[in-house]
Amino acid sequence: MMPGEGELRELISGSGWLTRALTVVRDSGLPDAWIGAGALRDLVWGERYGDGFDPATVRDVDVVFFDPTRLTPDDDHRATARLAAAWPEPQWQARNQAAVHTWYAAKFGGDPIEPYRSVAEAVATWPEYATAVAVQLDLANRLRVCAPYGLGDLLGGIWRHNPARVDVARSRQRLARHRPAQRWPGVTVIEPG
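Residues numbered from 1 in each chain as written. Predicted model: local features only at pLDDT ≥ 70, side-chain atom pairs only at ≥ 80, totals over all residues. Heavy atoms only, no water.

**Some words on the layout of surface pockets**
Using a probe with the size of a water molecule, rolled over the atoms, empty space left in the structure can be pinpointed. Inclusion rule: Points on a 1 Å grid, built from protein atoms alone, make a cavity when a 1.4 Å probe fits but cannot get out and make a pocket when they are open with protein on both sides within 12 Å along at least 5 of 7 lines; residues with an atom within 4 Å of a point are the lining residues. Grid points are joined across faces, edges and corners, and a volume is the space filled by probe spheres set on the points. Where helices and strands are cited, they refer to DSSP runs of H or I of at least four residues and of E of at least two residues respectively, numbered from the N terminus. Each residue is assigned to one class: nonpolar for Ala, Val, Leu, Ile, Met, Phe, Trp, Tyr, Cys and Pro, charged for Asp, Glu, Lys and Arg, and polar for all the others, Gly among them.
Of the pockets and cavities examined, the largest pocket occupies roughly 940 Å³. As for the largest pocket, its lining consists of 35 residues, of which Asp62, Gln93, Phe108, Pro127 and Arg174 are closest to the centre. Residue assignment for the lining of the largest pocket shows that the elements contributing at least two residues are α3 (38-49), β2 (61-65), β3 (92-96), α5 (104-108) and α8 (168-178). For the lining of the largest pocket, the residue count by class is 14 nonpolar, eight polar and 13 charged. Estimated volume of the second largest pocket: approximately 180 Å³. Lining of the second largest pocket is provided by Asp42, Gly46, Gly50, Asp51, Gly52, Phe53, Asp54, Thr57, Arg183, Trp184 and Pro185.

**Looking at the pairing of strand β5 (residues 143-146)**
The cut-off we apply is this: When DSSP finds two or more bridges between two strands, those strands count as paired.
Relative to β5, strand β4 (residues 134-137) runs antiparallel, the two being bridged by four bridges. The partner of glutamine 136 across the bridge, within β5, is arginine 144. Linking two consecutive strands that pair antiparallel, namely β4 and β5, is a turn of five residues; a positive phi of about 65° is found at asparagine 141 within it.

**Describing the packing of aromatic side chains**
For any two aromatic rings, the description comes down to two numbers: the centre-to-centre distance and the angle of the planes. Applicable threshold: Between 30 and 60 degrees the pair is tilted, below 30 it is stacked and above 60 it is edge-to-face, where a pair is any two Phe, Tyr or Trp rings, Trp via its six-membered ring, whose centres lie within 6.5 Å. Here's how the labels work: a residue is buried when its accessible area is under 20% of the maximum for its type, exposed when over 50%, partly exposed in between, all with a 1.4 Å probe on protein chains only. Placement of a charge over a ring requires the Lys NZ or Arg CZ to be within 6 Å of the ring centre, with the centre-to-atom vector within 35 degrees of the ring normal.
Summed over the entire model, instances satisfying the criterion amount to nine aromatic pairs. Here the aromatic rings of tryptophan 45 and tryptophan 159 are separated by 6.5 Å at their centres, their planes lie at 50°, and the arrangement is tilted. Pair noted here: tryptophan 45 is in helix α3 and tryptophan 159 is in strand β6 (residues 158-160), with a separation of 114 residues, a long-range link. According to the relative accessible area criterion, tryptophan 159 is buried, its value standing at 1%. On the numbers, 5.3 Å between centres and 75° between planes, the contact of tryptophan 45 with tryptophan 184 is edge-to-face. Here tryptophan 184 lies in the loop between α9 (180-183) and β7 (188-190) and tryptophan 45 lies in helix α3, a separation of 139 residues in the sequence. Take tryptophan 45: its relative accessible area is 0%, and that puts it in the buried class. What links up through ring pairs into an aromatic cluster is the set Trp17, Phe53, Trp87 and Trp92. Between the NZ or CZ atom of arginine 165 and the centre of the ring of tyrosine 104, over which it lies, the distance is 5.7 Å.

Geometric values such as these leave the question of function open.
Next comes the structure, spelled out in structure tokens:
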């Protein structure tokens, strides 16, 4: 178990909403499916650095899965629809990490990227270290954690740019859009650049 994993498990188990979302994802049949990024950050930072966690403020639930046999945008749409059919309340966004190389450069610019070999490899490229974390429930209801950089920034309330894939300009745009210091007053923002 990595440092902080017990604390993360406690926060997640205390949230019926996130536990239900994890159960829906596990039972969806999507291969190697995880919840990560913003929904997880919102829970942790809301509870530790804000006024509590309010699921109504979660913009979307980022679900990542890995299926190298289904690489089209339609496959992502079908995966998202499958989750919504099981539980319509959250705004789901499912993305096959095996297909990111097929659309990344067209959407974000720059050179084409190499295909990811796993969910963990994809998570390691997410825009901030605090959001480069994903969790899943296994069939025995045990929580699995994927945190390539550890849990220090997520649990410590640190917004810090991860330069693995996102440049400084896009990181600044994300910072302006998400306004972490206003949303979670106890969070420390380390300016990109």
